[in-house]
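The lines below spell out each chain.
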Amino acid sequence: MNTDPIKANDFDAQWLDIESDALAAIRRVGESGWYILGREVDEFERALALLHGVDHVVGCASGLDAIEIGLRASGVAPGDRVLTTPLTAFATALAALRAGADLVFADVDEQGLLDLGEVESVLEAATGPTTILPVHLYGHAADIDGLLALGQKYGCVVLEDAAQAVCGAQGSRPFGSVSVGAATSFYPTKNLGALGDGGALLTSDERVARKARELRDYGQSDKYLHTSLGLNSRLDEIHAAVLRSAMLPRLPRALSRRAEIAARYQAGIERTDLRLPAAGLESSWHLFPVFANHSDGRESLREHLAACEIATAVHYPTLVTDQPALAEFEFGEFPVAARLASTELSLPIHPYLDDADVDRVIDAVNGWRHDR
Ligand SMILES: *Cc1c(COP(=O)(O)O)cnc(C)c1O
């Protein structure tokens with residue numbers, strides 16, 4: 001039996017798997033002599049658009065930038081409001097602040113996704129233009145249909161943070177295809193990770209795509225013609241080449257492997273003191289969160305799994321609304337998000353785990369003893 005430590009991500013196994021495709025892609029870029037915004041970015045954008053199911057993909061330097069660019073390209077102006085979740089990566093909120101927006105938050109449901117009732121209460125009280133920025137947290141599909149209906153009622157645009165959910169969808173509607181767009185990230189741990197930083201805006205809105213292409217390249221609408229104050233946020237040719245030739249071909253299998261592991265956890269973990277993701281949830285399974293009854297339980301399980309050489313992580317230990325960088329703002333209380341933040345533990349779910357690894361995690365979780 002394999003008794004190696006079980007990691008949260010296995011970049012050694014990934015490199016062994018992709019090495020020859022990645023090196024060939026890098027050589028292709030080196031030999032082309034063209035390193036920024038060339039054929040590789042173009043072809044990767046087309047290939048991802050086809051696989052994900054949107055008309056346009058605009059490669060950017062990071063997920064953070066892709067959210068900012070998505071917000072600005074869809075019309076968010078300084079002083080507008082962006083409504084999002086407190087239970088997310090700090091980048092979600094930071095992107096909105098960088099777009100000049102004022103942040104407002106709504107509490108989440110038991111899966112960790114924006115709660116529609118809470119969103120509606122915030123919108124009822126809101127004045128002025130508001131953009132809703134839901135997060136497909138853990139890869140779970142936020143209710144875009146429901147949010148779009150609220151958006152119609154209250155005059156809001158919906159832009160999705162799909163950093164954890166590339167190629168995800170609600171039913172037959174890929175993220176970003178019916179809203180104004182979705183931002184994703186190619187940070188190495190994400191479902192489609194690069195060998196470095198990268199991100200993209202996914203949209204079927206031609207006008208938004210054009211504006212985003214402008215914003216990522218200093219706001220140029222034509223060579224040396226600057227029609228807006230943009231960023232330098234271009235996806236590098238070398239990352240685009242590796243993403244298209246080494247990562248994208250493996251993505252469908254990696255996503256189905258993640259779903260298989262999630263199903264194995266759902267079937268194998270037998271505990272009344274841990275809550276698993278809801279049965280039948282639509283998810284890209286970027287993470288597999290389990291929720292303990294209280295924070296001591298989470299710490300106890302985390303220590304037990306560490307002793308079994310099983311890596312875990314917490315997403316996220318501190319709500320965005322409680323971060324010191326935002327101490328000057330008064331956002332209110334978010335009891336469900338706060339409870340999830342203090343009780344969540346993410347089990348390993350990367351695609352290089354085999355069934356024996358997953359069973360080791362299941363046995364360790366089922367064998368956990370604690371006092372309360
Ligand atoms: C990773 C992540 C981001 C930021 O992406 P980067 O590429 O690291 O900038 C934004 N939102 C969520 C939900 C994320 O998980």
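Please refer to the structure higher up on the page.
Treat the numbers as computed from the prediction; the structure is a model and nothing was measured. (Residues numbered from 1 in each chain as written. Predicted model: local features only at pLDDT ≥ 70, side-chain atom pairs only at ≥ 80, totals over all residues. Heavy atoms only, no water.)

Describe a nonpolar patch on the surface, and please don't skip the residues or the numbers.
The grouping of Trp15, Leu23, Ile26, Leu195 and Ile238 at the surface amounts to a nonpolar patch, some 360 Å² of accessible area in total. Of all the elements, helix α1 (residues 11–32) adds the most residues to the nonpolar patch, at 3 residues. By secondary structure assignment, the location of Trp15 is in helix α1. Among the residues examined, Trp15 registers a relative accessible area of 31% and is labelled partly exposed. (Patch = residues over 30% accessible without salt bridge, like charges linked within 9 Å, V, L, I, M, F, W, Y side chains within 5 Å. Areas by Shrake-Rupley, 256 points an atom, 1.4 Å probe, with all protein chains shown as cover. Salt bridge = Lys/Arg side-chain N within 4 Å of Asp/Glu carboxyl O. Helix = DSSP H or I, 4+ residues; strand = E, 2+ residues; numbered from the N terminus. Buried < 20%, exposed > 50% of the residue type's maximum accessible area, 1.4 Å probe, protein only.)

Tell me about the sheet that holds strand β4 (residues 130–132), and name the residues and values.
Pairing in this open sheet of 7 strands is mixed, and the strands run β1-β9-β8-β5-β4-β2-β3 from one edge to the other. Unpaired on one side and paired on the other, β1 (56–60) and β3 (102–105) mark the two borders of the sheet. For this sheet the average axis-to-axis angle between neighbouring strands, irrespective of direction, equals 25°. Pairing geometry for strand β5 (residues 157–161) and strand β8 (residues 181–185), over 3 bridges, is parallel. Paired with Glu160 across the bridge in β8 is Ala182. (Pairing = 2+ DSSP bridges. Axes fitted to C-alpha atoms, helices over the stretch in contact; angles between N-to-C directions.)

So what's going on with the sheet that holds strand β14 (residues 344–347)? Residues and values would help.
One open sheet holds the 3 strands; their spatial order is β12-β13-β14, and the pairing between them is antiparallel. Both outer strands of the open sheet, β12 (274–275) and β14, are each paired with one neighbouring strand and no more. Examined bridge by bridge, β12 and strand β13 (residues 288–292) share 2 bridges and lie antiparallel to one another. Among the inter-strand pairings, Leu274 is bridged to a residue of β13, identified as Ala292.

Go over the environment of Val290 with me, naming the residues and quoting the values.
Tracing the backbone shows Val290 in strand β13. Owing to a relative accessible area of 1%, Val290 belongs among the buried residues under this scheme. Remark: the alpha-carbon pair of Val290 and Ala338, spanning 48 residues in sequence, is separated by 15 Å. The residues touching Val290, leaving out its near neighbours within four places in the chain, are Leu274, Arg275, Leu276, Leu301, Thr343, Glu344, Leu345 and Leu347. (Contact = heavy atoms within 4.5 Å.)

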